[in-house]
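Tertiary structure, described
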Amino acid sequence: MLEVLTGTGLAASAGLNAYIPLLLMGLLARYTDLIELPSGWQWLGNGWVVVILAVLLAVEVVADKVPVLDHVNDVVQTVVRPTAGGLAFGAGSGSETVTVSDPDSFFSSHQWVPVVVGVVIALGVHLLKAATRPVINAATAGFGAPVASTAEDATSVVMSVVAILLPVLVLVFLLALVFFVPWLVRRRRSRRRERAAAREAGFRV
């Protein structure tokens, strides 16, 4: 199950920021012994790939912290983040890390399965992130965007590191997500009722 938790953590991380888990895996595979990528994913450690991911990460970090632009970025990332999640899950679950010594034992015969699973996980986290941001922007007049984005980036970094070094802790993130989603749904419904009440009061006046 460690392979699954590693892949899940990396895919969830990609749902917050597409490039952080891929760049981290590339750097660790290229410069350390903490992770050994499977043969089909060793391109992540290529020098040019690392540079490209770093540039894309810099663009993402800036764009995601500007109100309005962050919404446009989320629309574009609806394709990018799930794709990155599929790549991250595929590479992470098939890699040999300090905690996973026999990665071939899980996804040995169906190599497309982890990619699809990663796409689904990253898409779910991305949609949650995209749904949360407008609530934060509306509540803070846009000033909360850079704070929320910084917190998301930090979470993505921590989640990626944990997924590789201590994948069992990924369960903590999943439990937190289970509690956060209902809160978000209730919050959005509450805001809709408040807006509806405000419009009704305006019509009466």
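Check the entry above for the structure.
Computed from a predicted model, the values in this text were never measured in an experiment.

Parameters and conventions
- Residues numbered from 1 in each chain as written.
- Predicted model: local features only at pLDDT ≥ 70, side-chain atom pairs only at ≥ 80, totals over all residues.
- Heavy atoms only, no water.
- Phe/Tyr/Trp six-rings, centres within 6.5 Å; stacked < 30°, edge-to-face > 60°.
- Buried < 20%, exposed > 50% of the residue type's maximum accessible area, 1.4 Å probe, protein only.
- Patch = residues over 30% accessible without salt bridge, like charges linked within 9 Å, V, L, I, M, F, W, Y side chains within 5 Å.
- Areas by Shrake-Rupley, 256 points an atom, 1.4 Å probe, with all protein chains shown as cover.
- Salt bridge = Lys/Arg side-chain N within 4 Å of Asp/Glu carboxyl O.
- Helix = DSSP H or I, 4+ residues; strand = E, 2+ residues; numbered from the N terminus.
- Contact = heavy atoms within 4.5 Å.
- Axes fitted to C-alpha atoms, helices over the stretch in contact; angles between N-to-C directions.
- Left-handed = near helix turned anticlockwise from the far one by under 90°.
- Nonpolar A, V, L, I, M, F, W, Y, C, P; charged D, E, K, R; others polar.
- Expected span 1.5 Å × (residues − 1).
- Core = buried A, V, L, I, M, F, W, Y, C linked by side-chain atoms within 4.5 Å.

**Considerations on the packing of aromatic side chains**
Applying the stated rule across the entire model yields one aromatic pair. For the ring pair Trp-41 and Trp-43, a centre distance of 6.3 Å and an interplane angle of 35° mean the geometry is tilted. The exposure class assigned to Trp-43 is partly exposed, which follows from its relative accessible area of 38%.

**Some details on a nonpolar patch on the surface**
On the surface, Leu-34, Val-157, Val-161, Leu-165, Leu-166, Leu-169 and Val-172 cluster together into a nonpolar patch covering about 530 Å² of accessible area. Per-element accounting of the nonpolar patch gives the leading share, three residues, to helix α6 (residues 144-165). One can find Leu-166 in the loop between α6 and α7 (170-204).

**Observations regarding the side chain of Glu-60**
Following the sequence through the fold, Glu-60 ends up in helix α3 (residues 47-63). In this view, Glu-60 contacts Leu-16, Asn-17, Tyr-19, Asn-73, Gln-77 and Arg-81; residues no more than four positions away in its chain are not counted.

**Quick word on the packing of helix α2 (residues 20-31) against helix α4 (residues 69-93)**
At a closest axis distance of 9 Å, the pairing of α2 and α4 adopts a crossing angle of 35°. As α2 packs across α4, the resulting crossing turns out to be left-handed. Between α2 and α4, the contacting residues are Pro-21, Leu-22 and Met-25 on the first element and Ala-84, Leu-87, Ala-88, Ala-91 and Gly-92 on the second. In terms of residue class, the contact of α2 with α4 is made up of seven nonpolar, one polar and no charged.

**Some thoughts on helix α1 (residues 2-16)**
Taking 1.5 Å as the rise per residue, α1 with 15 residues should run 21 Å; its terminal C-alpha atoms sit 21 Å apart, in good agreement. Among the 15 residues that make up α1, 14 are buried, leaving the element largely enclosed by the rest of the structure.

**Re the nonpolar core**
Formed by 30 residues in total, the largest nonpolar core has its most connected members in Leu-22, Met-25, Leu-37, Leu-44, Leu-53 and Ile-164. For this core, the secondary-structure elements that each account for two or more residues are α1, α2, α3, α4, α6 and α7. Per element, the largest residue contribution to this core is six residues, and it comes from α2. Sequence-distant contacts of Leu-53, defined by excluding residues within four places in its chain, comprise Tyr-19, Leu-22, Leu-23 and Leu-44.

**Some points on the side chain of Asp-153**
Among the secondary structure elements, Asp-153 is positioned in helix α6. Judged by its relative accessible area of 11%, Asp-153 falls in the buried class. If we ignore the near neighbours within four places in the chain, the residues touching Asp-153 are Asn-17, Ile-20, Val-61 and Lys-65.

**Describing the environment of Tyr-19**
In this fold, Tyr-19 is placed in the loop between α1 and α2. Along the sequence, Tyr-19 and Val-61 sit 42 residues apart, while their C-alpha atoms lie 9.8 Å from each other. Those residues in contact with Tyr-19 that lie beyond four places of it in its chain are Leu-53, Leu-56, Leu-57, Glu-60, Gln-77 and Val-80.

**Quick notes on the environment of Val-162**
Following the sequence through the fold, Val-162 ends up in helix α6. Owing to a relative accessible area of 17%, Val-162 belongs among the buried residues under this scheme. Along the sequence, Val-162 and Leu-5 sit 157 residues apart, while their C-alpha atoms lie 9.8 Å from each other. In this structure, Val-162 is in contact with Pro-167, Leu-169 and Val-170, ignoring residues within four places of it in sequence.

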